[in-house]
Amino acid sequence: MPDFADHSDPSGSLQWPLPQPLPAGGAPLRLAVMASGEGSNFEALVMACAEGRLQGQVVVLAVNRDGCGAQRRAERLAIPCQVFDHRRQPSRQALDQALIALFRAHRVDLVVMAGWMRIVTPVLIEAFPERLLNIHPSLLPSFRGADGVAQALAAGVTLAGCTAHLVTEEVDAGTILVQAAVPVLPEDDRQRLHARIQRQEHRILPMAVTLAAQRLAQG
Ligand code: GRF
């Protein structure tokens, strides 16, 4: 008899099944985060680790804009942060090489692109196969690329959302790990809708990290 039980999250907005906690006794995941902007997803990951919702530790933050919000949050949270000004790098590949060196020095298990506004090259993707994640503010595969929130509003959808996925060379096209849907309200503009989507991003990103680690453990 097939199992028709409803295993969905009671809030109704999450893809199921929800990730199981990582096995007890395992070493905490060593996480790196890449950010360009406010860094609210970076902080959400740090808090998920601190509160035990994610069995990990954010060991380093990489930013490409000196003085960005993410960098200021790292100072407040006492997380090491390194700035890589992309304008001072001879190529995208050189920037990725510099990031790899930082992540290897910190013995990182997984890398999370949380609002990293640069396209990464195969150099970085191949250095962290199945270990590089991204958070995107749309229900992929809809509205890939720049400004997924504005794209969703322009298309007139009534459900928007966010997706945490693995990174592949094709932009916003890697394996989907977790998604959350967010209704579009009549009074929504880009800012209001994005703010509600971000609340869901903060919820699903730690789950996606756990799922990515479980996929690796299962080979
Ligand atoms: C997020 O909405 C994410 O989906 C997109 O960039 C935004 C970053 O926000 N890729 P923050 O810097 O984490 O606050």
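For the structure itself, consult the block above.
Residues numbered from 1 in each chain as written. Predicted model: local features only at pLDDT ≥ 70, side-chain atom pairs only at ≥ 80, totals over all residues. Heavy atoms only, no water.

Undergrad: Describe the site of the ligand, listing the residues and the values that go with them.
TA: In the vicinity of the ligand, the residues found are G37, E38, G39, S40, N41, G115, I135, H136, P137, H194, Q198 and E201. One of the side-chain nitrogen or oxygen atoms of S40 is found 2.5 Å away from an oxygen atom of the ligand. Between the ligand and H194, the relevant distance is 2.7 Å, taken from an oxygen atom to a side-chain nitrogen or oxygen of the residue. A total of 370 Å² of accessible area belongs to the ligand in isolation, and the protein chains cover 88% of it. Looking at the shell around the ligand, the elements with two or more residues in it are α1 (40-50), β5 (132-136) and α6 (190-217). Looking at side-chain class alone, the shell around the ligand contains two nonpolar, eight polar and two charged residues. (Near = heavy atom within 4 Å. Polar contact = N/O pair within 3.5 Å; in protein donor to acceptor, adjacent residues only side chain to side chain. Areas by Shrake-Rupley, 256 points an atom, 1.4 Å probe, with all protein chains shown as cover. Helix = DSSP H or I, 4+ residues; strand = E, 2+ residues; numbered from the N terminus. Nonpolar A, V, L, I, M, F, W, Y, C, P; charged D, E, K, R; others polar.)

Undergrad: So what's going on with the pairing of strand β6 (residues 159-166)? Which residues, and what values?
TA: A large share of β6 lies buried, amounting to seven of its eight residues. Judged from the four bridges that link them, β5 and β6 form a sheet pairing that is antiparallel. Its bridge partner lying in β6, H136 is registered against T163. The pairing of β6 with strand β7 (residues 176-183) spans seven bridges and is classified as antiparallel. Paired with A160 across the strands is V182, a residue of β7. (Buried < 20%, exposed > 50% of the residue type's maximum accessible area, 1.4 Å probe, protein only. Pairing = 2+ DSSP bridges.)

Undergrad: With reference to specific residues and values, describe unusual backbone geometry.
TA: The omega torsion of the bond from L140 to P141 falls at 10°, within 30 degrees of zero and hence cis. Take P141: it is sitting in the loop between β5 and α5 (148-155). If you check the backbone angles, A78 has positive phi at about 60° while not being a glycine. Mapped onto the elements, A78 comes out in the loop between α2 (69-77) and β3 (81-83).

Undergrad: I'd like a description of the pairing of strand β1 (residues 29-35), backed by residues and values.
TA: With six of seven residues buried, β1 lies mostly within the body of the structure. By the bridge criterion, seven bridges tie β1 to strand β2 (residues 56-63) in an arrangement that is parallel. Directly across from M34, in β2, lies its bridge partner A62. With respect to chirality, the unit in which β1 leads through α1 into the neighbouring parallel β2 is right-handed. (Right-handed = clockwise from strand over helix to strand, strands pointing away.)

Undergrad: Which residues make up the sheet that holds β6, and what values go with them?
TA: The mixed open sheet is built from seven strands, whose spatial order is β3-β2-β1-β4-β5-β6-β7. Whereas interior strands pair on both sides, the edge strands pair on one side only; in this sheet they are β3 and β7. Each strand of the sheet is rotated relative to its neighbour by a mean of 20°, with strand direction disregarded. In the packing of α1 onto the sheet, the strands contacted are β1, β2, β4 (110-113) and β5, and the crossing angle to β2 comes to about 160°. Along the sheet, α6 makes contact with β1, β4, β5, β6 and β7, crossing β7 at roughly 160°. (Axes fitted to C-alpha atoms, helices over the stretch in contact; angles between N-to-C directions. Contact = heavy atoms within 4.5 Å.)

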